[in-house]
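# Descriptive analysis of the structure
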Amino acid sequence: SESEDDVPLGKKIMKAEEESGGKDAGGDSDDDAPLGGRKGKVKKEKAEKAEEEDEDDQPLGKRKITPVKKEKTTPVKKEKVEKPSAKKAGKKKRAETPPEEDEEEDEEDKPVLKKAKTASAKKATAKKSAAKKGAKEAPAAKGKKSKGKKGADEDDAEGQLAVVKVKREKKPDEIVYEWWKQEDPLPEGKKWRFLEHNGVIFPTPYEAHGVKMKYDGEDITLDDRQESIATMYAAMARTEYVSKKTFLNNFWREFSEALGKNTVVKDLKKCDFSPIQSYLDAEREKKKLLTSEDKKKMKAQTDKINEPYATIVLDTHTEKNGNYRVEPAGLFRGRGEHPKMGNVKAVIEPENITMNCSSDACPPRCPLPGHSWSSCVHKDETTWLAFYKDTINGEFKYIFLSAGSSLKGQSDRDKFEKARELKKCVKKIREQVTTGLKSKDDEIMQKNTAVWIIDNLAIRAGNEKNTAEEADTVGCCSLRIEHITLDADQDGKTIYFNFPGKDSIEYKNTLKIRPKDDKIRESRGEEDADVSFVRAGEEDNFLQIWKNMKALVERKSAKPEDDVFHDLDTGKLNAYLGSLMKGLSAKVFRTYNASITLDQELNKLEEHPNRVNIMKNDALMTKFYNDANYQVAVLCNHSRTVGAAHGVSMELLKTKGADIEAEIAELKKGLKGSNADDKAKAKKKIATLEEKLHKHEIGMGQKQKLSGVALGTSKVNYLDPRITVGWCKKYGDFTLSKVMNKSLTTKFKWAIEEATEDFRF
């Protein structure tokens, strides 16, 4: 007999259920169904088949999970078989994955149309042969007895199914566990009670293609290692990286080492990778020429490989996994102007990977024969499933659950609640900072000056960087004198910041006092992304900041490459922030300022003079929201490069607008001399076209204004989603999908359920 330790978890549970006598007699209620989705009656045939299969070979989502004790609620009528929904997922006792499209169903579980389809399929031959005859004999049918409502309905259903085209089935919505309704919270610091998953998928090993590169016009034969590196380069031959000196130098060093000392290849400029590039192009073309059927087969194969890894078991339910694929080997790109771009990323082996699961779970099996994991740990205070070290920088790469998972959702909510906590004491903190700005103690002055800048400009804290190992990006603590310009204009003193921010995105911003005159303000920076006005009430503090910055950048013996805050680092800054409020950091300030800005901007609609008309028009409501989001993106420096395609797109939009205008003009011209009916029709069409033109112009203006900013970054990371949800509910029940895409509504389902129309950050 099997040892208890060798029995798979699923079999233990099944055995326990058998010993306990199975389900209650009244267990037909949907409320007693397992977690993961109510799917009707469990099929007897499938249950018997499942008993015969080895549970370890089944996807995690199909294994039996330990039931959760829960009070029995009012049963749902048996005849109402409901489709599983995300909202119900949190109430079930066992997790299940959505059914496969080709999964067999019991006759009683099929919708009416499916039953009719099955019946009609059996009679298909008879119906085809009788179709014409039936049409001719229709008048004689008057003398026949009525079939009754049921019979007529079945015939109608069969007739419809015989002629209506079968529509492509919609993919089921992602099941989201409703963690915010959990009645049994975890102990403090614990993230889960049970965690089981199948590990990671490794990339397909490199297969040599045998295509030779050329050197100085001559063919060069390469071994597998050399060919793989050459192919990596050929794959990037059309990118901007091949024009970067750092990338070329690093690649050549790696490629030269692989070629060895005895090679005739001595100069990268004489290397011709075009034969390999042509081979890769041909392979891409082959994929494009695949038939729809072939593509479906390939997708089905990929889905089959992914299935065991796509979901994991967390406590009593299943959750969607995140990126469970190990990074393939390739040429490193990095963020911004990374000094290691062009280096070869090595193959990640199982021995480089640490797995995390609960001690009573079945540990992930290593899929590569002859290999094993580095280790398997049981850390229930963490949220990662696995990690390995990056071969370029030695950084840890983690495997997490998807963005819509309960762990990420709880983390997001905690983050926004911490920012709301700051709102309660921000006034007191700012008063303390105001006092500290005038301190004669240099370190205290620097700490408070840095906090003021972080608070007002949402700049990141900025760690010290080893520029030989990573890109030279700058935050508040790592600002150098060369990044600051103190000046004055017609409105008063100015501080100009110019430095490479995160991902080497250039941060350019002039900080100045807001002009009192509205017209002057609009002409001097109200809509300028490179100008920031000091927050109302902070004018005196700004003048003190200007004075402090002058003392710091003009100190004796200071050089342009020296730090502005020479007595400050992120450790000291974070310790000071922590003393102001428990858990306070630069990121909390950034989240607070982003969210409060959106909240204030959106609620300006309440007093807007054109409020009624805006609320009636979806295009104007979307514009109003995007304008508010734009202010956040500018605050957080969420900019993006405007591509060449933008100009082409704008020209096409201009042409489309001109065509609409020309059509309106033609219709107006034709009004003269036409009769009353034609005039009415023409005026109606003109009104429709004018409305279309109005929306088109709004869209064009938005596209141009938002071309250089990334609105999505703040939505994902810094904006409390309850602000957006509450605003949409408050103002005319505005459609949420207009301002939040599907991935965001999945990620923030907790906020959609929680926020009311009265929510304010």
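The structure displayed is predicted, hence computed values, not measured ones.

### Here's the deal with the overall build of the protein chain
- Looking only at helices and strands, the protein chain has 24 helices and 16 strands in total.
- The buried share among the 761 residues of the protein chain stands at 39%.

### Examining the packing of aromatic side chains
- Per the stated rule, a full pass over the model turns up 25 aromatic pairs.
- By the ring-pair criterion, three or more aromatic residues cluster together here, those being Tyr-233, Tyr-241, Phe-247, Phe-251, Trp-252, Phe-255 and Phe-273.
- Over the aromatic face of Tyr-241 sits the side chain of Lys-244, whose NZ or CZ is 4.9 Å from the ring centroid.
- Cation over ring: Arg-590 sits above Tyr-718, and NZ or CZ is 4.9 Å from the ring centre.

### With respect to the sheet that holds strand 14 (residues 492-500)
- Judged by pairing direction, the sheet is mixed, and its four strands sit side by side in the order 13-14-15-16 without closing on themselves. Here the strands that pair on one side only, and so sit at the sheet edges, are strand 13 (484-489) and strand 16 (531-533). Mean inter-strand twist for the sheet, computed between neighbouring axes without regard to direction, equals 25 degrees.
- In this sheet, strand 15 (residues 506-512) lies alongside strand 14 in antiparallel orientation, the contact comprising seven bridges. Residue pairing for strand 15: Ile-495 is matched across the bridge by Leu-511.
- Of the strands in this sheet, strand 14, strand 15 and strand 16 touch helix 12 (residues 442-457), which is tilted by about 100 degrees from strand 15.
- Along the sheet, helix 14 (residues 539-553) contacts strand 13, strand 14 and strand 15; its crossing angle with strand 14, the most-contacted strand, is approximately 55 degrees.

### Remarks on the sheet that holds strand 4 (residues 271-272)
- The strand order across the open sheet built from three strands is 3-2-4, with neighbouring strands paired in antiparallel fashion. Both outer strands of the open sheet, strand 3 (218-220) and strand 4, are each paired with one neighbouring strand and no more.

### Describing the packing of helix 16 (residues 586-602) against helix 18 (residues 618-635)
- Where helix 16 meets helix 18, the closest approach of the two axes is 9 Å, and the angle between their N-to-C directions is 150 degrees. With respect to each other, helix 16 and helix 18 are oriented roughly antiparallel. The hand of the helix 16/helix 18 crossing is right-handed. Taking contact as the criterion, the partners of Asn-593, Ala-594, Thr-597, Leu-598, Glu-601 and Leu-602 in helix 16 are, on helix 18, Phe-624, Tyr-625, Ala-628, Asn-629, Gln-631, Val-632 and Leu-635.
- For the contact of helix 16 with helix 18, a count of residues per class yields eight nonpolar, four polar and one charged.

### A word on the packing of helix 12 against helix 14
- One way to put it is that helix 12 packs onto helix 14 with a least axis distance of 11 Å and a crossing angle of 125 degrees. With respect to helix 14, the element helix 12 is oriented oblique. The way helix 12 lies across helix 14 gives a crossing that is left-handed. Contact residues: helix 12 offers Met-445, Gln-446, Thr-449, Trp-452 and Ile-453, while helix 14 offers Asn-541, Phe-542, Ile-545, Asn-548, Met-549 and Leu-552.
- The class makeup of the residues in the contact of helix 12 with helix 14 is seven nonpolar, four polar and no charged.

### Description of the pattern of salt bridges
- This structure, assessed with the given rule, holds 42 salt bridges.
- The partner of Arg-722 in a salt bridge is Asp-720, and the shortest N-O contact between them spans 2.7 Å. When sorted by exposure, Arg-722 lands in the same class as Asp-720, which is buried.

### Concerning the pairing of strand 14
- Of the strand pairs in this sheet, strand 13 and strand 14 are connected by six bridges, and their pairing is antiparallel. Counterpart to Thr-485 in the pairing with strand 14 is Tyr-496.
- Counting the residues that bridge the hairpin from strand 13 to strand 14 gives two residues.
- With antiparallel pairing between neighbouring strands as the criterion, strand 14 and strand 15 make up a hairpin whose turn holds five residues, including Asp-503 at a positive phi of roughly 60 degrees.

### Things to note about the nonpolar core
- Phe-565 and Trp-727 are the most contacted members of the largest nonpolar core, which has 81 residues in total.
- In contact with Phe-565, not counting residues within four places along its chain, are Gln-446, Thr-449, Ala-450, Ile-453, Cys-476, Cys-477, Leu-479, Met-549 and Leu-552.
- The next biggest cluster of nonpolar side chains, apart from the first, holds 26 residues, and it includes Ala-234, Trp-252, Val-265 and Cys-271.

### Looking at unusual backbone geometry
- Its identity is not glycine, yet Asp-216 carries a phi of approximately 55 degrees, on the positive side.
- The topology assignment puts Asp-216 in the loop between strand 2 (213-215) and strand 3.
- We classify Asp-216 as exposed; its relative accessible area is 54%.

### Topic: the confidence of the model for the protein chain
- Residue-level pLDDT values for the protein chain average 77, and 73% of them are 70 or greater.
- Segment residues 1-166 is flagged for pLDDT under 50; beyond a separation of four residues in sequence, or across chains, it makes 182 contacts in the model.

### A few points about a nonpolar patch on the surface
- Where nonpolar side chains cluster on the molecular surface, the patch consists of Phe-396, Tyr-398 and Phe-400 and spans about 290 Å² of accessible area.
- With respect to the element layout, Phe-400 can be found in the loop between strand 12 (396-399) and helix 11 (406-437).

### Some points on helix 14
- The end-to-end C-alpha separation of helix 14 is 21 Å, in line with the 21 Å expected for 15 residues at 1.5 Å each.
- Taken residue by residue, helix 14 has Asn-541, Phe-542, Gln-544, Ile-545, Trp-546, Asn-548, Met-549, Leu-552 and Val-553 as its buried positions.
- Of the surrounding elements, those touching the buried residues of helix 14 are helix 11, helix 12, strand 13, strand 14 and strand 15.

### Examining the environment of Lys-320
- Relative to the helices and strands, Lys-320 resides in strand 6 (residues 317-320).
- The sequence separation of Lys-320 and Ser-402 amounts to 82 residues, and the corresponding C-alpha distance is 5.8 Å.

### Some thoughts on the state of the cysteines
- In total, this model carries zero disulfides according to the counting rule given.
- No disulfide involves Cys-376; its sulfur sits 3.7 Å from that of Cys-357, the nearest cysteine.
- According to the relative accessible area criterion, Cys-376 is partly exposed, its value standing at 31%.

### With respect to the side chain of Thr-622
- Note on placement: Thr-622 falls in helix 18.
- Ignoring sequence-local partners within four residues, the contact set of Thr-622 consists of Gln-702, Phe-734 and Lys-738.

### Side note on the environment of Lys-715
- Looking at the element boundaries, Lys-715 is found in helix 21 (residues 711-717).
- Considering only alpha carbons, one finds Lys-715 and Met-740, 25 residues apart in sequence, at a separation of 8.3 Å.
- Leaving out residues up to four positions away in the same chain, Lys-715 has contacts with Tyr-625, Asn-629, Val-739, Leu-744 and Phe-748.

Definitions and cut-offs
Residues numbered from 1 in each chain as written. Predicted model: local features only at pLDDT ≥ 70, side-chain atom pairs only at ≥ 80, totals over all residues. Heavy atoms only, no water. Helix = DSSP H or I, 4+ residues; strand = E, 2+ residues; numbered from the N terminus. Buried < 20%, exposed > 50% of the residue type's maximum accessible area, 1.4 Å probe, protein only. Phe/Tyr/Trp six-rings, centres within 6.5 Å; stacked < 30°, edge-to-face > 60°. Lys NZ or Arg CZ within 6 Å of the ring centre and 35° of its normal. Pairing = 2+ DSSP bridges. Axes fitted to C-alpha atoms, helices over the stretch in contact; angles between N-to-C directions. Contact = heavy atoms within 4.5 Å. Parallel < 35°, antiparallel > 145°, perpendicular 65-115°, else oblique. Left-handed = near helix turned anticlockwise from the far one by under 90°. Nonpolar A, V, L, I, M, F, W, Y, C, P; charged D, E, K, R; others polar. Salt bridge = Lys/Arg side-chain N within 4 Å of Asp/Glu carboxyl O. Core = buried A, V, L, I, M, F, W, Y, C linked by side-chain atoms within 4.5 Å. pLDDT = per-residue confidence, 0-100. Patch = residues over 30% accessible without salt bridge, like charges linked within 9 Å, V, L, I, M, F, W, Y side chains within 5 Å. Areas by Shrake-Rupley, 256 points an atom, 1.4 Å probe, with all protein chains shown as cover. Expected span 1.5 Å × (residues − 1). Disulfide = S-S within 2.5 Å.

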